[in-house]
Amino acid sequence: MVPTTDQMLQNLVAQAFEELHSPKEFIPGTSAVPVTGKVFGRPELEAAVKASLDFWLTSGPYTEKFESTFAKTVGMRGAYMVNSGSSANLLAITTLTSPKMGERQLRPGDEVLTVAAGFPTTVTPIIQNNLIPVYVDIDMKTYVANVDALQAAISPKTKAIMMAHTLGNPFNLDIVQELAKKHNLWLIEDSCDALGGTYRDQKLGTFGDLSTFSFYPAHHITTGEGGAVLIKKIAHKVVVESIRDWGRDCWCPPGCDNTCLKRYEWQLGELPEGYDHKYTYSHLGYNLKSGDIQAAIGLAQLDRLDSFIELRRRNWAYLQQGLEDLQEFLELPEAAENSDPSWFGYALTVKEGGPISRNKIVEKLNESNIGTRLLFGGNLLRQPAFKETPRRVVGELTNTDFVMTNTFWIGVWPGLTTQMLDYMIDQLHKAFGK
């Protein structure tokens, strides 16, 4: 019996996976312990090959299915796939500058509350839209915004809050939602590092008016390059899609025409009547779309999401237990109150007066082939790109500066084995002479 195309494809993918991606033996001190990574198998390779054979290189049927599946997984009204989490942040904040937001439209000079101890592309879109980021300090151990500082930061110009759940640890959503409701503020929930986490048993990414996710290989699921914007109100759909898709007014998906059945009957702006709706632009937009091959991989990854979340939590707890006797030297992280994070990383802060600095510890770990990262940009305001940018700073960014000098994080991603975790714990003990 002649095998079907699907059967041949499965056999070839299985062979390729074994030859190219079979697990390697871990040798302490020789093998790398990456701080992040991707976990995948034959299903992801099969999905990628099938989608590439369809050769629908832009967004298409797989993208539509991924968007609807991801929206249901998180618990929001709609999801719109883009080419990165950074693009998702740009798209989310730009959506709120649309005239279609009415009286709540964000305008140049409006203020957006955020933190300086974060990733730059949470803040850069605020600046790109001629809005003013208002920076507040963070709390140690949780590394999220200090609530007293947030409350003190409100001014008549404050129109939105845009912050990330740091390393998967959620900011205080009770206070943030209360502030948003009291002062009629938009909330953009940067959940790029937090997929699967909960606050008071509600999934992260469902609290904001819009939320963002990243599918870069370091994140909870991967599509290679990729991300998504999620919406709570279906009225935001047309704006998100317009800005993502060149800014056009037309809502036809790629490869389709005349969905509105009056493509040559529109008159918008100062264009002549009957100007092609497909080339009519209602927003200053971009092309931020992803492609069908990435979406196909994402669908396969979603099947693994629950196990990924479980492993991230297990690895974080294992490190917490293994390092608790180093609290004389290290500030161990804590989950935010009322939360169950889906952790992105395990943060450690070197206490003052210890026998070794953060930089020396990171060097020693690097020499042992253990990957580390700093807490993103440290204090973003001290970064070269941000030195001359507009801002308002509330209080002293004392903890932010301390983190910049003394904090690093190590991995908890699902590809780490117990042997690797034990090796990390052992090398950290050796760094402190224990």
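Just above, that's the structure.
Described below are features of the structure shown in this document. (Residues numbered from 1 in each chain as written. Predicted model: local features only at pLDDT ≥ 70, side-chain atom pairs only at ≥ 80, totals over all residues. Heavy atoms only, no water.)

Here's the deal with the pattern of salt bridges
In total, this model carries 15 salt bridges according to the counting rule given. Salt-bridge contacts for Lys-237 lead to Glu-241; the nearest nitrogen and oxygen are separated by 2.9 Å. One end of the pair, Lys-237, and the other, Glu-241, are both in helix α8 (residues 237–244), four residues apart, so they sit about a helical turn from each other. Classification of Glu-241 as buried rests on a relative accessible area of 16%. (Salt bridge = Lys/Arg side-chain N within 4 Å of Asp/Glu carboxyl O. Helix = DSSP H or I, 4+ residues; strand = E, 2+ residues; numbered from the N terminus. Buried < 20%, exposed > 50% of the residue type's maximum accessible area, 1.4 Å probe, protein only.)

Focus on the nonpolar core
Core analysis: the biggest nonpolar cluster contains 36 residues, and Val-136, Leu-150 and Met-163 have the highest contact counts within it. Elements with a minimum of two residues in this core: β2 (111–115), β3 (132–136), α6 (147–153), β4 (158–164) and α7 (173–183). When residues of this core are assigned to their parent elements, the largest contribution, five residues, is made by α7. Aside from chain neighbours lying at most four places away, what touches Val-136 is Thr-114, Val-115, Ala-116, Ala-145, Ala-149, Leu-150, Ala-153, Val-394 and Leu-397. (Core = buried A, V, L, I, M, F, W, Y, C linked by side-chain atoms within 4.5 Å. Contact = heavy atoms within 4.5 Å.)

Observations concerning the environment of Lys-289
Considering the arrangement of structural elements, one finds Lys-289 in the loop between α8 and α9 (292–302). It is 30 Å that separates the C-alpha atoms of Lys-289 and Gly-378, two residues lying 89 residues apart in sequence. Those residues in contact with Lys-289 that sit more than four places away from it in its chain are Ser-59, Met-81, Val-82, Asn-83, Arg-244, Asp-245, Trp-246 and Pro-254.

Digging into the sheet that holds strand β12 (residues 345–350)
Across a sheet, strands are paired by hydrogen bonds formed along the backbone, either parallel or antiparallel in direction. The sheet built from four strands is open, its strands ordered β10-β12-β15-β13 with antiparallel pairing. Edge positions in the sheet fall to β10 (330–331) and β13 (373–374), since each has one partner strand and no second. Where β12 and strand β15 (residues 407–411) come together, five bridges link them in antiparallel fashion. Bridge pairing in β15 places Tyr-346 opposite Ile-410. (Pairing = 2+ DSSP bridges.)

Considerations on the packing of aromatic side chains
The full count for this structure, using the stated rule, is 14 aromatic pairs. Judged by centre distance (5.3 Å) and plane angle (85 degrees), the rings of Phe-70 and Phe-213 are edge-to-face. Of the two residues, Phe-70 sits in helix α3 (residues 61–74) while Phe-213 sits in strand β8 (residues 210–214), which places them 143 residues apart along the sequence. In this structure, Phe-70 and Phe-213 share a single accessibility class: buried. Taken together, the ring pairs connect Phe-66, Phe-70, Phe-213 and Phe-215 into an aromatic cluster. (Phe/Tyr/Trp six-rings, centres within 6.5 Å; stacked < 30°, edge-to-face > 60°.)

Remarks on unusual backbone geometry
For Leu-167, which is not glycine, the phi dihedral falls at a positive 50 degrees. Within the secondary structure, Leu-167 sits in the loop between β4 and α7. We note that Trp-246 has phi near 75 degrees; this positive angle belongs to a residue other than glycine. Tracing the backbone shows Trp-246 in the loop between α8 and α9. The exposure class assigned to Trp-246 is partly exposed, which follows from its relative accessible area of 41%.

What to know about the sheet that holds strand β6 (residues 198–199)
Read across the open sheet, the three strands follow the order β7-β6-β11; overall the sheet is antiparallel. Taken across any chain shown, the strands that pair with only one partner, and hence form the sheet edges, are β7 (202–203) and β11 (339–340). In this structure, β6 lies alongside β7, joined through two bridges in antiparallel fashion. Considered in β7, the bridge of Tyr-199 is made with Gln-202.

Points about the side chain of His-277
Its place among the elements puts His-277 in the loop between α8 and α9. Judged by relative accessible area, which is 1%, His-277 ranks as buried. Not counting chain neighbours up to four residues away, the residues in contact with His-277 comprise Asp-249, Cys-250, Trp-251, Cys-260, Arg-263, Trp-266 and Leu-268.

Things to note about the side chain of Ser-191
Position of Ser-191 relative to the elements: it lies in the loop between β5 (186–190) and β6. A relative accessible area of 0% means that Ser-191 is categorised as buried. Apart from the residues within four sequence positions on either side, Ser-191 is in contact with His-165, Leu-204, Gly-205, Ser-211, Thr-212 and Phe-213.

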